[in-house]
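Overview (structure and organization)
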There are 2 protein chains.
Amino acid sequence: MSMDQLRRRLGQISDLKAAAGLLSWDQETYMPPEAGEIRGQQMATLAGLAHELFTDAQTAALLDGAHPQDDTDGAVLRVTRRDHDKATKLPTEFVEEYTRACSDAHHAWVEARQNSDFKVFQPHLQRVLDLTRRKAELRDPDAHPYDVLMDDYEPGMHATQVQAVFDDLRERTRPLLRRIVAAGNAADYSVLTRPFPAGAQKAFAWQVAGEAFGLQPDFARQDESAHPFQTNFSRSDIRITTRVEDYWPACLFGTWHETGHAMYERGVAAHWARTPVSSGTSLGVHESQSRMFENLLARSLPFWERYFPELERVAPEVTRGLDPQALYRAVNRVNPSLIRVEADEVTYNFHVMLRFALEMRLLDGSLKVADLPEAWNAQMQEDLGLTPPDDAQGVLQDIHWSAGLIGYFPTYTLGNLLSVQLLEAAQRDPAIAAGVQAAEYGPLREWLVQHVHRHGRSRTPEELTVQATGRPLTADPYVAYLHAKYEDIYNLK
Amino acid sequence: MSMDQLRRRLGQISDLKAAAGLLSWDQETYMPPEAGEIRGQQMATLAGLAHELFTDAQTAALLDGAHPQDDTDGAVLRVTRRDHDKATKLPTEFVEEYTRACSDAHHAWVEARQNSDFKVFQPHLQRVLDLTRRKAELRDPDAHPYDVLMDDYEPGMHATQVQAVFDDLRERTRPLLRRIVAAGNAADYSVLTRPFPAGAQKAFAWQVAGEAFGLQPDFARQDESAHPFQTNFSRSDIRITTRVEDYWPACLFGTWHETGHAMYERGVAAHWARTPVSSGTSLGVHESQSRMFENLLARSLPFWERYFPELERVAPEVTRGLDPQALYRAVNRVNPSLIRVEADEVTYNFHVMLRFALEMRLLDGSLKVADLPEAWNAQMQEDLGLTPPDDAQGVLQDIHWSAGLIGYFPTYTLGNLLSVQLLEAAQRDPAIAAGVQAAEYGPLREWLVQHVHRHGRSRTPEELTVQATGRPLTADPYVAYLHAKYEDIYNLK
């Protein structure tokens, strides 16, 4: 009985969050521009009400009095209590102020990025940073603020661990990157900007998302937005967005990336619907799914051997004079570049490590917001030998900080590492390995549902990793994968 | 101080309703089909929470303690108290059950209409009807249930008044309709189904909505849905939908109809934002705005003299061999037909009067839901000499009953009557009359903002009518307008 009452309350809170999610999706896709200010207020109200309901005396009493009948209930209680402990440390007024600040910062960021004018964004980022520091302090004044913030995205992970993994990864991939750049035998990159009509890009990406990866219009849809994202308002209502550019891989691989996120949310067991268990367990694990689809599968040779003919049909100007092998080499070009979301598998993690280093310094005060563009550009020059010509292609490129997402970036690289570790474990089953070699991903997707998706948040990232792969997260499989793939593509043996 | 607190609370409730509105808009436009069930739950939760916040002890205390500082506050208090008195009569559980029943009924109606199968809809309509009767009883067990229900749509109006106006109207328009049909000199209707590409229909309708009627993409957008509607989540975020058909006037005049609703919401004074005053004062007054744009303006000769060249440019197949006068005659064809939303100005009100008569009988129990299709068809035969070939073109054509909107239909005809009464009053200003004759509606729109739009719900429909036109609502101007316009078009003098 009390469990039913708790479930009912959690359902209401989940519904409020779903509505807030739709307000946000709509803001990015269809909302008329004048509506921005009041939309921020609406989102703040819903976030505030959800927080109020979740943290009030009634929810606390329901949590204290609830008796789980089975493992499903047990997970709901465990996860909800963890969230509740965190949430009760933040006053409603703070949550509303924070949400409003992020909404304002978002609009400023859109304008700043459009005009490549960091000054427009700077005071908003300062406000978000101050509130984020305050958030960490309210939660746990004794812990390192980065650990406290990161716990929202990657529960249980510490900045010192991240630092150690990143140092290791940097050391082992830098030489590979240097050898690739020195080889000077890259594929013809101009293929990647050959004419590919916008409608055809979106349609091809969406069709393959369905055929290869299982994303169906019965429960999902595709729209356009400035920055691609996945969101969902239930496991039966999943939205991905894409962006169409002359550089057509942005749309294709971006769509398949979001499809990985989407299928994770789709795969969570239905008995956890409208509870806090019903979503991915961490952003790192989430990213392992999106990167697996985007990179390990869609940037593989078997994938293009299978989908090349269809690409030829819808975009003959793109494939003219090419075969699957040539296309495979082109979409795996390694090219130190300015934009994270367009970076290849070898350079991508340098973008993430840069952001992690800057966030650490912003939080400990050794870097001022006003000096951020300069620091960004210096690190970019050191890592990849490049300096952004303007801030739009530098410090203003990501949406994250405008949304208060500090401590979030490391999860991208943690996800990259985990994606290979999971795929390696899955392919111990010969049927799955054979499927991957034939670009038939049904058996792999079934394995992912069983070992990753269906558990939702009932397993922590570390539990999930150990139970699915037999060991904790390590960079070894990823480093080995990079060497095998790129030594072959670039003839480095 | 207490007024500020009240305002803050009303703002929260308004934000919840805006979010619920977006959930509903999304359901009609973009939502994946599998999401229907949980979406119903989400909308029920938000409606329930909004109702709970509005009716709880804190809101009651704020209302009791509030001291208005000015007329703006005064209107907020007056309108909020009126709503509060009504709302406190409905328990939260009832509101949630009612919302869920309507959501279920909506899905059943979509399916029933698709397959023209009334049986699919019948149990849902029965449930909605039972709950609607219960709603009327909870509100005021002594009043006629129709009066209680209609008060939500047309505050202050009584079924006996409606009956009297409708009897009068029927008596005075029936002979005109007979003379028109007997004249046998109608324009060539095939013009109305000439090829007009879907994209061009939508684009032309939207462009004219902006140019002629002031609906701008800064604060509004156009999408597609099965049944066209207007909704808004603030006066800076207005959505209209349209439906594209071979019969192209459905898209064009439908868009301009919704534009009338949109501009009313847009015109409400900004100082009432996020309060209950911030919307149109009744559906009848709302309809006077939509019908004015759709019929009195967009179906006038000066309008087509102005916009014919543009139509010629975007749809040359439609205008081939025509001049503005011929097009004017075609879009004003009088043709007794089965579908209300496609009906002309002379027959339209018969559709409404039919629904009013059936609703009265459903409510007093003299008509059973199971016998509704038969009763519909018999009345249709009597009024317009037609019998629907199936229920999709008969009793299943409207969305309203599936949404619990009983007592709503009369507002369409009340709006028709008021539209002419208002336009007549506005044109006492020679500059406005000259503008209307040149299809330059700027001066008229300014008059509408001053005399209708800006007041929001601060004036009752009757107050507004008397203050804007100098007298209470009467059918006389409408009947005179119909006679003048159609005796000319059909050479009946």
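The name that an unreviewed UniProt entry assigns to chain A is Metal-dependent carboxypeptidase, with the source organism given as Deinococcus ficus. Taken directly from UniProt, the Function (unreviewed entry) text for chain A runs: "Broad specificity carboxypetidase that releases amino acids sequentially from the C-terminus, including neutral, aromatic, polar and basic residues." The Catalytic activity (unreviewed entry) comment attached to chain A in UniProt states, word for word, "Release of a C-terminal amino acid with broad specificity, except for -Pro."

**Here we look at the overall build of chain A**
Along chain A, the regular secondary structure elements total 21 helices and three strands. In terms of C-alpha radius of gyration, chain A reaches 22 Å, essentially the compact-globule figure of 23 Å for 493 residues. Once the C-alpha set of chain A is aligned to its principal axes, its extents read approximately 65 × 50 × 45 Å. Relative to its 493 residues, chain A shows a buried fraction of 61%. The long-range share in chain A, meaning contacts at least 24 apart out of those at least 6 apart in sequence, stands at 74%. Counting every atom, chain A has about 18500 Å² of accessible surface; 50% of that belongs to carbon and sulfur.

**Considering the pattern of salt bridges**
Under the criterion given, the structure shown has 69 salt bridges over all chains. For B:Glu224, the salt bridge goes to B:Lys202, with nearest N and O atoms at 3.0 Å. Residue B:Glu224 is found in strand β1 (residues 220-224), and its partner B:Lys202 is found in helix α9 (residues 198-211); the two are separated by 22 residues along the sequence. Looking at B:Lys202, the relative accessible area reads 22%, which means it is partly exposed. B:Arg355 is paired through a salt bridge with B:Asp398; the nearest N and O atoms lie 2.6 Å apart. On the criterion of sequence distance, the pair formed by B:Arg355 in helix α15 (residues 348-364) and B:Asp398 in the loop between α16 (372-384) and α17 (410-426) is long-range, its members being 43 residues apart. For B:Arg355, a relative accessible area of 0% corresponds to the buried category. Connected via shared salt-bridge partners are A:Lys86, A:Lys135, A:Arg139, A:Asp151 and A:Asp152.

**Details of the sheet that holds strand β2 (residues 230-234) of chain A**
Residues and elements named next belong to chain A. Pairing is mixed in the open sheet, where three strands are placed in the order β1-β3-β2. Two strands bound the open sheet, and with one partner strand each, they are β1 (220-224) and β2. Taken over all neighbouring pairs, the strand axes of this sheet differ in orientation by 20° on average, direction set aside. Inspection of the sheet shows β1 paired to strand β3 (residues 237-242) by five bridges, in the parallel sense. Counterpart to arginine 221 in the pairing with β3 is arginine 239.

**Focus: the UniProt feature "active site" (unreviewed entry) in chain A**
This chain's UniProt record puts "active site" (unreviewed entry) on A:Glu258. Once residues lying within four places of it in the same chain are set aside, the contact partners of A:Glu258 are A:Pro228, A:Phe229, A:Gln230, A:Ile240 and A:Thr241.

**What about the sheet that holds strand β2 (residues 230-234) of chain B?**
Where strands meet in a sheet, backbone hydrogen bonds hold them as pairs that are either parallel or antiparallel. Residues and elements named next belong to chain B. Spatially, three strands are ordered β1-β3-β2 in an open sheet, and the strand pairing comes out mixed. On the outer flanks of this sheet lie β1 and β2, each paired with one strand and no other. On average, each strand axis in the sheet is inclined to that of its neighbour by 20°, with strand direction left out of account.

**Examining the domain arrangement of chain A**
Residues and elements named next belong to chain A. One can read the domain layout of chain A as domain 1 (2-141) and domain 2 (159-489). Just the C-alpha atoms count here: the centres of domain 1 and domain 2 sit 26 Å apart. Between domain 1 and domain 2, roughly 3400 Å² of surface is buried when both sides are summed, and carbon and sulfur atoms account for 62% of that area. Together, Trp25, Arg113 and Phe118 form the three largest contributors to the area buried by domain 1 at its contact with domain 2, with a combined 19%. Where domain 1 packs against domain 2, one counts two salt bridges. With a shortest N-O distance of 2.6 Å, arginine 274 and aspartate 15 are connected by a salt bridge. The interface formed by domain 1 and domain 2 includes 14 residue pairs in polar contact (both at pLDDT 80 or more). With 12 residues, helix α1 (residues 2-29) is the single largest residue contributor to the side of domain 1 that touches domain 2. The residue makeup of the side of domain 1 that touches domain 2, split by class, is 18 nonpolar, 12 polar and nine charged.

**Here we look at the packing of aromatic side chains**
Aromatic ring pairs: the centre-centre distance and the angle between the two ring planes describe each pair. Residues and elements named next belong to chain A. One pass over the full model with this rule turns up 47 aromatic pairs over all chains. With a centroid separation of 6.3 Å and an interplanar angle of 80°, the aromatic rings of tyrosine 348 and tyrosine 412 are classed as edge-to-face. Residue tyrosine 348 is found in helix α15 (residues 348-364), and its partner tyrosine 412 is found in helix α17 (residues 410-426); the two are separated by 64 residues along the sequence. Judged by relative accessible area, tyrosine 348 falls into the buried class, the value being 3%. Between the aromatic rings of tryptophan 401 and phenylalanine 409, the centroid separation amounts to 6.0 Å while the plane-to-plane angle is 90°, which identifies the pairing as edge-to-face. Looking at tryptophan 401, the relative accessible area reads 5%, which means it is buried. Taking the relative accessible area as the measure of exposure, phenylalanine 409 reaches 1% and is therefore buried.

**Focus on the interface of chain A and chain B**
Listed by partner, the interface residues are 37 residues for chain A and 37 residues for chain B. Where chain A abuts chain B, roughly 3200 Å² becomes buried across the two surfaces, and 58% of that area is made up of carbon and sulfur atoms. Of all residues in chain A, the largest losses of buried area upon contact with chain B belong to A:Tyr30, A:Pro32 and A:Glu34, amounting jointly to 17% of the total for that side. Put simply, chain A and chain B have eight salt bridges between them. Put simply, B:Asp237 and A:Arg39 hold a salt bridge, and the shortest N to O gap is 2.8 Å. Where chain A touches chain B, the interface holds 14 residue pairs in polar contact (both at pLDDT 80 or more). Secondary-structure elements contributing two or more residues to the side of chain A that touches chain B are α1, α2 (36-55), β1, β2 and β3 of chain A. For the side of chain A that touches chain B, the leading source of residues is α1(A), giving 10 residues. Residue composition of the side of chain A that touches chain B, by class: 19 nonpolar, six polar and 12 charged.

**Observations regarding the packing of helix α12 (residues 301-314) of chain A against helix α14 (residues 324-331) of chain A**
All names here are of chain A. Their axes nearest at 9 Å, the elements α12 and α14 cross at an angle of 110°. Taken as axis vectors, α12 and α14 run roughly perpendicular relative to one another. At the point where α12 passes α14, the crossing takes the right-handed sense. Residues Leu301, Trp304, Glu305, Phe308 and Leu311 of α12 form the contact with α14, whose own contacting residues are Pro324, Gln325, Leu327, Tyr328 and Val331. Residue composition of the contact of α12 with α14, grouped by class: eight nonpolar, one polar and one charged.

**Here we look at the layout of surface pockets**
If you add up the space inside the largest pocket, you get close to 610 Å³. In terms of lining, the largest pocket is formed by 21 residues, of which the most central are A:Glu52, A:Leu53, B:Leu49, B:Glu52 and B:Leu53. For the lining of the largest pocket, the secondary structure elements donating two or more residues are α1, α2 and α3 (57-65) of chain A together with α1 (2-29), α2 (36-55) and α3 (57-65) of chain B. If one sorts the elements of the lining of the largest pocket by residue count, α1(A) sits on top with five residues.

**Regarding the relation of the copies chain A and chain B**
Superposing chain A onto chain B takes a rotation of 180° combined with a translation of 0.0 Å along the rotation axis, leaving an RMSD of 0.0 Å. Within this description, the copies of the chain are treated as partners about a two-fold rotation axis. When C-alpha positions in chain A are compared against the rotation axis, the closest is assigned to A:Ala19, at 3.1 Å.

Scoring rules and cut-offs
- Residues numbered from 1 in each chain as written.
- Chains lettered and ligands numbered in written order.
- Predicted model: local features only at pLDDT ≥ 70, side-chain atom pairs only at ≥ 80, totals over all residues.
- Heavy atoms only, no water.
- UniProt positions renumbered as here; feature names shortened; annotations may be inferred.
- Helix = DSSP H or I, 4+ residues; strand = E, 2+ residues; numbered from the N terminus.
- Rg over C-alpha atoms; globule rule 2.2 N^0.38 Å.
- Buried < 20%, exposed > 50% of the residue type's maximum accessible area, 1.4 Å probe, protein only.
- Contact = heavy atoms within 4.5 Å.
- Areas by Shrake-Rupley, 256 points an atom, 1.4 Å probe, with all protein chains shown as cover.
- Salt bridge = Lys/Arg side-chain N within 4 Å of Asp/Glu carboxyl O.
- Pairing = 2+ DSSP bridges.
- Axes fitted to C-alpha atoms, helices over the stretch in contact; angles between N-to-C directions.
- Domains from an automatic or database assignment.
- Buried area = accessible area lost by both parts, 1.4 Å probe.
- Polar contact = N/O pair within 3.5 Å; in protein donor to acceptor, adjacent residues only side chain to side chain.
- Nonpolar A, V, L, I, M, F, W, Y, C, P; charged D, E, K, R; others polar.
- Phe/Tyr/Trp six-rings, centres within 6.5 Å; stacked < 30°, edge-to-face > 60°.
- Parallel < 35°, antiparallel > 145°, perpendicular 65-115°, else oblique.
- Left-handed = near helix turned anticlockwise from the far one by under 90°.
- 1 Å grid on protein atoms, 1.4 Å probe; cavity = no way out; pocket = protein on both sides within 12 Å on 5 of 7 lines; lining within 4 Å.
- Points joined across faces, edges and corners; volume = space filled by probe spheres on them.
- Least-squares fit on C-alpha atoms with pLDDT ≥ 70 in both.

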